[in-house]
Amino acid sequence: ALGDISGKAGQMGRFYTHGKIKATRLLICGLGKRSEFTVEGLRSKMANIISKAKNLNVHTLAFTTIGASEADLSLGDFAHVMAETALLSNFHYDQFTKKSGDLKPAEDAHKVSTLFLLSSRKVDKKALDQGIRSGVIYGDATNMARELVNGPRNYVTPDLFLAKARQIAKAK
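Remember, predicted model here, so these are calculated numbers, not experimental data.

Scoring rules and cut-offs
Residues numbered from 1 in each chain as written. Predicted model: local features only at pLDDT ≥ 70, side-chain atom pairs only at ≥ 80, totals over all residues. Heavy atoms only, no water. Axes fitted to C-alpha atoms, helices over the stretch in contact; angles between N-to-C directions. Helix = DSSP H or I, 4+ residues; strand = E, 2+ residues; numbered from the N terminus. Parallel < 35°, antiparallel > 145°, perpendicular 65-115°, else oblique. Left-handed = near helix turned anticlockwise from the far one by under 90°. Contact = heavy atoms within 4.5 Å. Expected span 1.5 Å × (residues − 1). Buried < 20%, exposed > 50% of the residue type's maximum accessible area, 1.4 Å probe, protein only. Salt bridge = Lys/Arg side-chain N within 4 Å of Asp/Glu carboxyl O. Polar contact = N/O pair within 3.5 Å; in protein donor to acceptor, adjacent residues only side chain to side chain. Core = buried A, V, L, I, M, F, W, Y, C linked by side-chain atoms within 4.5 Å. pLDDT = per-residue confidence, 0-100. Patch = residues over 30% accessible without salt bridge, like charges linked within 9 Å, V, L, I, M, F, W, Y side chains within 5 Å. Areas by Shrake-Rupley, 256 points an atom, 1.4 Å probe, with all protein chains shown as cover.

Caption draft 1: Summary view of the packing of helix α1 (residues 39-55) against helix α3 (residues 75-90). For the pair α1 and α3, interaxial distance at closest approach is 9 Å and the crossing angle is 45°. By the angle between their directions, the pair α1 and α3 is classed as oblique. For the element pair α1 and α3, the recorded crossing hand is right-handed. Facing Val39, Leu42, Arg43, Met46, Ala47, Ile50 and Lys54 of α1, the residues of α3 in contact are Phe78, Val81, Met82, Glu84, Thr85, Ala86, Ser89 and Asn90.

Caption draft 2: Expanded view of α3. In this model, α3 (16 residues) spans 22 Å end to end at C-alpha, consistent with the 22 Å of a helix rising 1.5 Å per residue. By the criterion of burial, α3 is predominantly enclosed, with 13 of the 16 residues buried.

Caption draft 3: Representation of the pattern of salt bridges within the structure. Tallied over the full model, the rule gives three salt bridges. Note that glutamate 84 and arginine 43 form a salt bridge whose closest N and O atoms lie 3.0 Å from each other. With glutamate 84 in helix α3 and arginine 43 in helix α1, this residue pair connects regions lying 41 residues apart in the sequence. Among the salt bridges present, the one from lysine 125 reaches aspartate 129, with a minimum N-O distance of 3.1 Å. Of this pair, lysine 125 and aspartate 129 both sit in helix α4 (residues 125-150), four residues apart, which is roughly one turn of that helix. One continuous salt-bridge network, built from bridges that share partners, spans Glu40, Arg43 and Glu84.

Caption draft 4: Here's a closer look at the side chain of asparagine 143. For asparagine 143, the position within the fold is in helix α4. For asparagine 143, a relative accessible area of 10% corresponds to the buried category. Separated by 2.9 Å, the side chain of asparagine 143 and the backbone oxygen of leucine 87 make a polar contact. At 3.0 Å, the side chain of asparagine 143 and the side chain of arginine 146 are in polar contact. Residue contacts for asparagine 143: discarding those within four places in its chain leaves Leu87, Leu88 and Phe91.

Caption draft 5: Main features of the nonpolar core. Within the largest apolar cluster, 20 residues are counted, with the highest numbers of intra-cluster contacts made by Leu42, Met46, Ile50, Leu61, Phe63 and Phe78. Those elements giving two or more residues to this core turn out to be α1, β3 (60-64) and α3. A total of six residues in this core trace back to one element, the largest contributor, which is α3.

Caption draft 6: Layout of unusual backbone geometry. Here histidine 18, not a glycine, exhibits a phi torsion of approximately 50°, which is positive. If you trace the backbone, histidine 18 turns up in the loop between β1 (12-16) and β2 (25-29). Of note in this structure, asparagine 57 is not a glycine but carries a positive phi near 60°. Counting through the fold element by element, asparagine 57 comes out in the loop between α1 and β3.

Caption draft 7: Geometry of α4. Here α4 spans 37 Å end to end across 26 residues, near enough to the 38 Å set by a 1.5 Å rise per residue. In this fold, the buried residues of α4 make contact with α3, β6 (114-118) and α5 (158-171).

Caption draft 8: Layout of the confidence of the model for the protein chain. Scored by pLDDT, the protein chain comes out at a mean of 82, with 87% of its residues at no less than 70. Considering each helix and strand of the protein chain separately, the mean pLDDT is smallest for strand β5 (residues 102-103), with a value of 48, and largest for α4, with 92.

Caption draft 9: Highlighting a nonpolar patch on the surface. On the surface, a cluster of nonpolar side chains totalling about 230 Å² of accessible area is made up of Ile21, Leu26 and Ile28. Mapped onto the elements, isoleucine 21 comes out in the loop between β1 and β2.

Structure, rendered in structure tokens:
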């Protein structure tokens with residue numbers, strides 16, 4: 001080991017692969033002491049990684065399941081945390097950001113759009129898919145609530161709440 005990363009909680013290191021693998025760079029995040037590692041710690045580390053990736057204009061990330069075993073999570077629960085955290089970390093309220101003098105939503109180019117989950121263990125695809133689905137539901141619902149509470153009073157009206165409720169009911 002070169003001593004660039006010690007594994008301390010939240011410590012990050014960026015490494016260039018010099019064409020040895022398809023990825024051009026790797027971002028490694030320390031999880032901290034095994035005895036002090038929790039699900040919330042994993043969520044926090046994932047959010048930090050996604051934030052760093054956004055700052056570096058990285059749109060594709062891959063997580064390993066190493067953190068799942070350290071936090072005593074099933075792969076389904078790990079997938080839930082990954083999907084939910086990605087959606088929450090990508091949230092940026094820009095409903096009424098000015099663009100070209102008009103009130104239009106602005107596009108945020110600095111979002112992570114693709115996640116991969118890498119595992120050396122046998123994967124229960126059904127549990128993994130369920131974990132991703134539930135994580136997406138939690139993340140989308142939280143972000144919808146964020147949009148509603150951040151909107152201006154003249155826009156977020158009872159009619160808008162009703163429309164959102166109908167939209168949710170149709171999605172079921």
